[in-house]
Amino acid sequence: TTTDASAQAITRWAAHHLALGADALHIYLEEDREDLPDAVWQDARVSITRCTPTYRQAVGKPRPERRAQRHTVNATRALRATAPTLHWLGHLDADEFLLAVAPIAKALAASDSAAAFLRMEPVEALATADGTPPSAFKRTPNAPGLDPAVLQDLYPTFGLHLESGFLGSSASKVFARTGLPDTRLARHALRKRGQDVGNASPLPAVYVAHVLPPNWDNTRVPAKAKRRDAPPGTLSLPELLDYLQRSEGEPGLRAFVNEVCADTPDLRARLAAQDLLIEATLDLDAAVAKVFGQQA
């Protein structure tokens, strides 16, 4: 991961994936994080790189302006450094967490031997109002091959204006096979000589869970909402939230969150009826205590 997240967020991300059995983590810091716990710095499985001017000089290129390009540069360096010690490298953001029904190493070992990279289905956490760990996640309608119009059944008031039902990105993330020559690891694909590599396969029963900031509740919507060009007659998500804020204030935003995002029995039932519900508890603080101990 390449990140400017807080020390707490990075610690949680690292602990979760080490608890899942990751053999190594490569963390590239875009902001200095001296407040990262010693237990994270000292864990032999965790490689931390500060993206300082000295690092850029070693890379041999100036700092790319676009975040996606910076992620690709760093992930590609990790991909090359990882081979041949490890067979697969996953590329995630620091607010994304792997969920798996079975051990991920076994899922990777059983994957298509001809695949250069594996796609993981994205899911998004339903929001809890009291800070409890998320235990329900939504899929996008295209995952089980549903008509996008099902969004209007799931979200009767706001579904017309939703592209995927997610507040964040609904793009898949990948595991890339290491050791392939001339490849570069982007955020959503493996590339060779500027073109996306074609031989990808799905990685069944492994999901990438996007978790919204933990300090929001049923009265507020995260400021970083996905932007897109809305079809005629609809509003983009930022436009919709702005309209609700101006026309109805807090009650309008509360109504949106309760229908689209909040972890309620009603939303769980609607998602489950369409095979769009994944239930799994993501207790990040428990992972931190397990992996790094109380000193973290």
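A brief structural summary.

Quick word on unusual backbone geometry
Trans is the common state for peptide bonds, and a negative phi is the common state for residues other than glycine.
Part 1 of the argument: The omega angle of the peptide bond from Ala 83 to Pro 84 is 0°, so this bond is cis rather than trans.
Part 2 of the argument: Relative to the elements of secondary structure, Pro 84 occurs in the loop between α4 (67-82) and β4 (88-91).
Part 3 of the argument: The phi dihedral of Asp 182 is positive, around 60°, even though this residue is not glycine.
Part 4 of the argument: As for its placement among the helices and strands, Asp 182 is situated in the loop between β8 (173-177) and β9 (183-185).

Structural notes on the sheet that holds β9
Part 1 of the argument: The strand order across the open sheet built from three strands is β9-β10-β11, with neighbouring strands paired in antiparallel fashion. This sheet does not close on itself; its edge strands, each paired only once, are β9 and β11 (195-196).
Part 2 of the argument: With three bridges connecting them, β9 and strand β10 (residues 190-192) associate as antiparallel partners. Across the sheet, the residue bridging to Thr 183 is Lys 192, located in β10.
Part 3 of the argument: Strands β9 and β10 of the sheet are contacted by α4, whose axis makes an angle of about 120° with β9.

Quick notes on the packing of helix α1 (residues 7-19) against helix α10 (residues 284-292)
Part 1 of the argument: Relative to each other, α1 and α10 sit at 70°, their axes nearing to 8 Å. As the angle between them shows, α1 and α10 are arranged roughly perpendicular. Residues Thr 11, Arg 12, Ala 14, Ala 15, His 16, Leu 18 and Ala 19 of α1 lie in contact with α10, whose contacting residues are Leu 284, Asp 285, Ala 287, Val 288, Val 291 and Phe 292.
Part 2 of the argument: A class-by-class count of the residues in the contact of α1 with α10 yields nine nonpolar, two polar and two charged.

Structural notes on the pairing of strand β2 (residues 25-29)
Part 1 of the argument: Burial of β2 is extensive: five of the five residues sit out of reach of the surface.
Part 2 of the argument: Neither face of β2 is exposed, since Leu 25, Ile 27 and Leu 29 on one face and His 26 and Tyr 28 on the opposite face are all buried.
Part 3 of the argument: Pairing analysis gives two bridges linking strand β1 (residues 2-3) to β2, with the strands arranged parallel. Along β2, the bridge assignment pairs Thr 2 with Tyr 28.

Thresholds, definitions, all that
- Residues numbered from 1 in each chain as written.
- Predicted model: local features only at pLDDT ≥ 70, side-chain atom pairs only at ≥ 80, totals over all residues.
- Heavy atoms only, no water.
- Helix = DSSP H or I, 4+ residues; strand = E, 2+ residues; numbered from the N terminus.
- Pairing = 2+ DSSP bridges.
- Contact = heavy atoms within 4.5 Å.
- Axes fitted to C-alpha atoms, helices over the stretch in contact; angles between N-to-C directions.
- Parallel < 35°, antiparallel > 145°, perpendicular 65-115°, else oblique.
- Nonpolar A, V, L, I, M, F, W, Y, C, P; charged D, E, K, R; others polar.
- Buried < 20%, exposed > 50% of the residue type's maximum accessible area, 1.4 Å probe, protein only.

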